[in-house]
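# Report on the structure
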2 protein chains.
Amino acid sequence: MLTPEPPGIDYGPVDAAIDDIGAAGFVAVGGRFDPDLRYLTRFEGPERGYAFVRVPGRSVLCAPAGCVRAAEAGFDGEVTVDRVADPAGERAAAILDRERGDAAPGAVVLVPPTIPHDAAVYLEWAGYELRSTTAVAEARVVKSDGETDAIDAVQRAATAGVREAERLLAAAEVDGDELRSEGRPVTAGRLRRATNAELARRGVTGGGNTVVAAGAGTEAGGMNGTDGRIRVDDPVVVAVAPRGPYGYHGSVTRTVVVDSDGGWERRAYVAVESALDAALAEVEAGAVASAVGREADAELAAFGFDPAAVAEEAAAPGHGVGLSRRERPFLDSDAELKPGHVVAVEPGVTEPDRGEVRLSALVVVTADGYDRLGEGDPSFTPRP
Amino acid sequence: MLTPEPPGIDYGPVDAAIDDIGAAGFVAVGGRFDPDLRYLTRFEGPERGYAFVRVPGRSVLCAPAGCVRAAEAGFDGEVTVDRVADPAGERAAAILDRERGDAAPGAVVLVPPTIPHDAAVYLEWAGYELRSTTAVAEARVVKSDGETDAIDAVQRAATAGVREAERLLAAAEVDGDELRSEGRPVTAGRLRRATNAELARRGVTGGGNTVVAAGAGTEAGGMNGTDGRIRVDDPVVVAVAPRGPYGYHGSVTRTVVVDSDGGWERRAYVAVESALDAALAEVEAGAVASAVGREADAELAAFGFDPAAVAEEAAAPGHGVGLSRRERPFLDSDAELKPGHVVAVEPGVTEPDRGEVRLSALVVVTADGYDRLGEGDPSFTPRP
């Protein structure tokens, strides 16, 4: 994989929120898996919480000891060094105090609503009044070109990962009602491992997000899934959401049937393919997110499938993708789609006795439609 | 990899903390990467926060919609279903209210110090007084046999992953001062991808924790590292901390020198090997964690290496390993080692012009010493 350039960071929404109320600054605290912290710092730190402070026009990262070099490599601002035992909230308060000089106490500080409670309490002890802001979440939902490039890169790897599972299934021999390859049964676990190995070879991490669900016995997901054998006519759903450059995710869902009897799976596959096309046709700036999802549902219903049966386990028809593998805009929400939103459209149908058929496309919203990310070929999976 | 049995959950410390102050219950809120939530539920949920509630003798998981089946598969208690928009703190307050019936308001609820601030505020709005507890952190630090089995399983995969990098280096051809294999240069990125692919084949995820650092130009770590070529006499540090069954981590660090000139690297390797042995000899129940680290430092000093030069970037001599890849007990702390602590002992030396040499062992503390986890052979890497 060619690693794209580091995406920039748009502090505009945070600075605007600070300006709006004349706040002393903005503080975020979180660890390596906190998408807000990753966005604000482009730094993949340790698990324990560390602090980011924004004062008008300046950014400070309170880097945990042991990670200073990594912080300086990624972060475009001042890096200060914590000791391991320093509470992140206390460090943030010290930076705010330093920036304000001998200004009177009682200033307002903006924080994301999910800031750790202990950090919030430290800031309050230091005399700051907290007000919550969703400015970072707002900033993250619209992707810059650099962010879209990062998602495009990981999406290419994601497609290659799913293709590896398809290759294994295509090469499998039918043995009674079971599938075997190289003398061993083809299991959900084996497909998952092969998919994740291909993702790793492409330089991204499956990150525990790869799910292989076969037939009626759908895997619970993650690393602990069952390792059940796959029968010849099981629809096999392979869903990946690897994490790649700068922490951005891709998202690919495909369904393969090795030896369909041409019944339910074929009808379902045609319906879902059609629902995906119909949903994509609704995607453009200004559209309401839920209209995209509703279009998919309407198409499924036209084929005689009941979208409510799917909605029960709330497998929504799609969602945004970025530093979180699922994030705003959700395609069952009333959000307005904007240029730069990156969404996975992923309609599917489920039947308890047969299993699931699901397909996806990852697109970036444009003024008059969308551009597909990754390799962009939705139909490389042969219809059952 | 043979997946071990799911480890049990010891709610004893949480129940004791509830009893201690006659609290109404305990509430934790977090997402899929929160090690406390993972411990309390054995559930790998979505990224957005969800709530766990403990009232005396009973556990409730407020499972996010779409994850109910996965929650029920892993969790041994009541599972209730959230809608996507339900704030986790509000859900937790509703469960507490339900359990208390029409008891008077104003009860105390225990929470981890890092509970998201918005969840804490919801609980306070609902009339609960919050008190913070480290009971979950206490429960997590001592591993049960089931947890140790899970760590042992991922540790075997971790060793196999590092061996893959070693194999690639051993098979490389020397071309001037560079290494090549199959017609292409051997780079840090290529070693990292090969290591992660082997981890994936073994059913665990590198999780962005694989670091390959070669010579003086040490990689900043994670997915964004440099892809620099490796020179023949560079010491190559390969460090992995994959996530495996039930979210537990392994931890392996090895150093390989392909074609040493027998100078600094050899001295450093012998010193670090000796420091590792000396540190391990200190490991037993009742020992102070920092004594283990100090013993490593003393041994390095005896070989003429300055541990302070290492400490500057605060690469501590070791740390606990569990649902976090680095957790308590830290080997530079005054914690007392207890049976069931799992620690990575990982001394190393760094010299700006030459690079780094670091080795590790992962052990579980016993009454009179330790048992090694994983394959347990510290010296398969030939000395330079």
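Quantities reported herein were computed from a predicted structural model and do not represent experimental measurements.

### Topic: unusual backbone geometry
For the bond running from A:R328 to A:P329, omega is -5°, close enough to zero to count as cis. Here A:P329 shows up in the loop between β13 (318-320) and β14 (342-345). Residue B:Y246 is not a glycine yet carries a positive backbone phi of 60°.

### Focus on the domain arrangement of chain A
All names here are of chain A. Taken domain by domain, chain A consists of domain 1 (12-140) and domain 2 (145-372). Once you take the C-alpha centre of each, domain 1 and domain 2 turn out to be 36 Å apart. Counting residues at the interface gives 9 residues for domain 1, matched by 9 residues for domain 2. Note on domain 1 versus domain 2: buried area summed over both sides is about 760 Å², and carbon and sulfur give 40% of it. Taken together, the links from domain 1 to domain 2 amount to 4 salt bridges. Its salt-bridge partner being R328, residue E138 comes within 3.8 Å of it at the nearest N-O pair. Taken together, the connections running from domain 1 to domain 2 amount to 3 residue pairs in polar contact (both at pLDDT 80 or more). Of the residues in the side of domain 1 that touches domain 2, the class split is 4 nonpolar, no polar and 5 charged.

### With respect to the sheet that holds strand β2 (residues 50-55) of chain A
All names here are of chain A. In spatial order, the strands read β4-β3-β2-β1-β5-β6; together these 6 strands make up an open sheet with mixed pairing. The open sheet terminates on both sides in strands that have one partner only, identified here as β4 (78-81) and β6 (129-132). Along the sheet, successive strands turn relative to each other by an average axial angle of 25°, direction set aside. In this sheet, β6 lies alongside strand β5 (residues 108-111) in parallel orientation, the contact comprising 4 bridges. Looking at the pairing, V109 lines up with L130 of β6. In this fold helix α1 (residues 12-21) packs onto β1 (25-30), β2, β5 and β6, with an angle of close to 150° to the strand it touches most, β5.

### Brief notes about the sheet that holds strand β17 (residues 361-366) of chain B
All names here are of chain B. Taken together, the 4 strands give an open sheet; going across it, the order is β13-β14-β17-β18, and neighbouring strands pair in antiparallel fashion. In this open sheet, the two edge strands, each paired with only one partner strand, are β13 (318-320) and β18 (369-372). The mean angle between the axes of side-by-side strands here comes to 35°, regardless of whether they run parallel or antiparallel. Two elements, β13 and strand β14 (residues 342-345), share 3 bridges in a ladder whose sense is antiparallel. Opposite G320, over in β14, you have V343 as the bridge partner.

### Structural notes on the relation of the copies chain B and chain A
Mapping one chain copy onto the other needs a rotation about an axis and a shift along that axis. When chain B is fitted to chain A, the residual RMSD is 0.0 Å, and the transformation amounts to a turn of 180° plus an axial shift of 0.0 Å. Given the turn and translation reported, the copies of this chain are related as if by a two-fold rotation axis.

### Let's talk about the pairing of strand β18 (residues 369-372) of chain A
Residue and element names in this part refer to chain A. In terms of strand pairing, strand β17 (residues 361-366) meets β18 through 4 bridges, oriented antiparallel. In the strand pairing of β18, V364 is matched with D371. Counting the residues between successive antiparallel strands, the hairpin from β17 to β18 contains 2 residues.

### Regarding the packing of aromatic side chains
For the structure shown, the criterion picks out 13 aromatic pairs over all chains. Sitting over the face of the ring of A:F33, A:R32 holds its NZ or CZ atom 5.6 Å from the ring centroid.

### Overview of the interface of chain B and chain A
Across the boundary between the two partners, chain B contributes 51 residues, which contact 51 residues of chain A. Both faces considered, chain B and chain A share a buried interface measuring about 4,000 Å² in area, 51% of it formed by carbon and sulfur atoms. The interface formed by chain B and chain A contains 2 salt bridges. Among the ionic pairs, A:E47 bridges to B:R325, the shortest N-O distance being 3.8 Å. The tally of links between chain B and chain A comes to 18 residue pairs in polar contact (both at pLDDT 80 or more). Elements supplying a minimum of two residues to the side of chain B that touches chain A: α3 (68-74), α5 (117-125) and α8 (188-201) of chain B. Of the residues forming the side of chain B that touches chain A, the biggest block, 5 residues, is contributed by α8(B). Of the residues in the side of chain B that touches chain A, the class split is 20 nonpolar, 17 polar and 14 charged.

What counts and what doesn't
- Along every chain, residues carry numbers that run from 1 in the direction the sequence is written.
- All chains are assigned letters beginning at A, and all ligands numbers beginning at 1, according to the order in which they are written.
- Reporting in this predicted model follows two pLDDT cut-offs: at least 70 for local features of residues, and 80 or more for side-chain atom pairs to be given and counted; totals over whole chains, interfaces and linings ignore these cut-offs and use all residues.
- By convention in this description, side-chain values take in all heavy atoms of the structure and omit both hydrogens and water.
- A run of DSSP states H or I qualifies as a helix once it reaches four residues; a run of E qualifies as a strand once it reaches two. Both are numbered from the N-terminal end.
- All domain edges in this entry derive from an automatic or database-based domain assignment.
- What makes two residues a contact is simply this: any of their non-hydrogen atoms within 4.5 Å.
- Note: buried area is the sum, over both parts, of the accessible area (probe 1.4 Å) each one loses when the two are combined.
- Salt bridge, as used here: a side-chain nitrogen of Lys or Arg that lies within 4 Å of a carboxyl oxygen of Asp or Glu.
- In protein, a polar contact means a hydrogen-donor-capable atom and an acceptor-capable atom, both N or O and within 3.5 Å, with residues adjacent in sequence counting only if both atoms are side-chain atoms; elsewhere, any N or O pair within 3.5 Å suffices.
- Residues are grouped as follows: nonpolar covers Ala, Val, Leu, Ile, Met, Phe, Trp, Tyr, Cys and Pro; charged covers Asp, Glu, Lys and Arg; every other residue, Gly included, is treated as polar.
- DSSP bridges decide pairing: two strands pair if at least two such bridges lie between them.
- Each axis is a line fitted through C-alpha atoms, taken for helices only over the stretch in contact, and angles between the N-to-C directions span 0 to 180 degrees.
- For this overlay, a least-squares fit was computed on C-alpha atoms, restricted to residues scoring pLDDT of at least 70 in both copies.
- Whether two aromatic rings pair depends on their centres lying within 6.5 Å, for rings of Phe, Tyr and Trp, where Trp uses its six-membered ring; planes under 30 degrees apart make the pair stacked, over 60 edge-to-face, and the rest tilted.
- Both a distance and an angle decide whether a charge sits over a ring: NZ of Lys or CZ of Arg must be within 6 Å of the ring centre and within 35 degrees of the ring normal.

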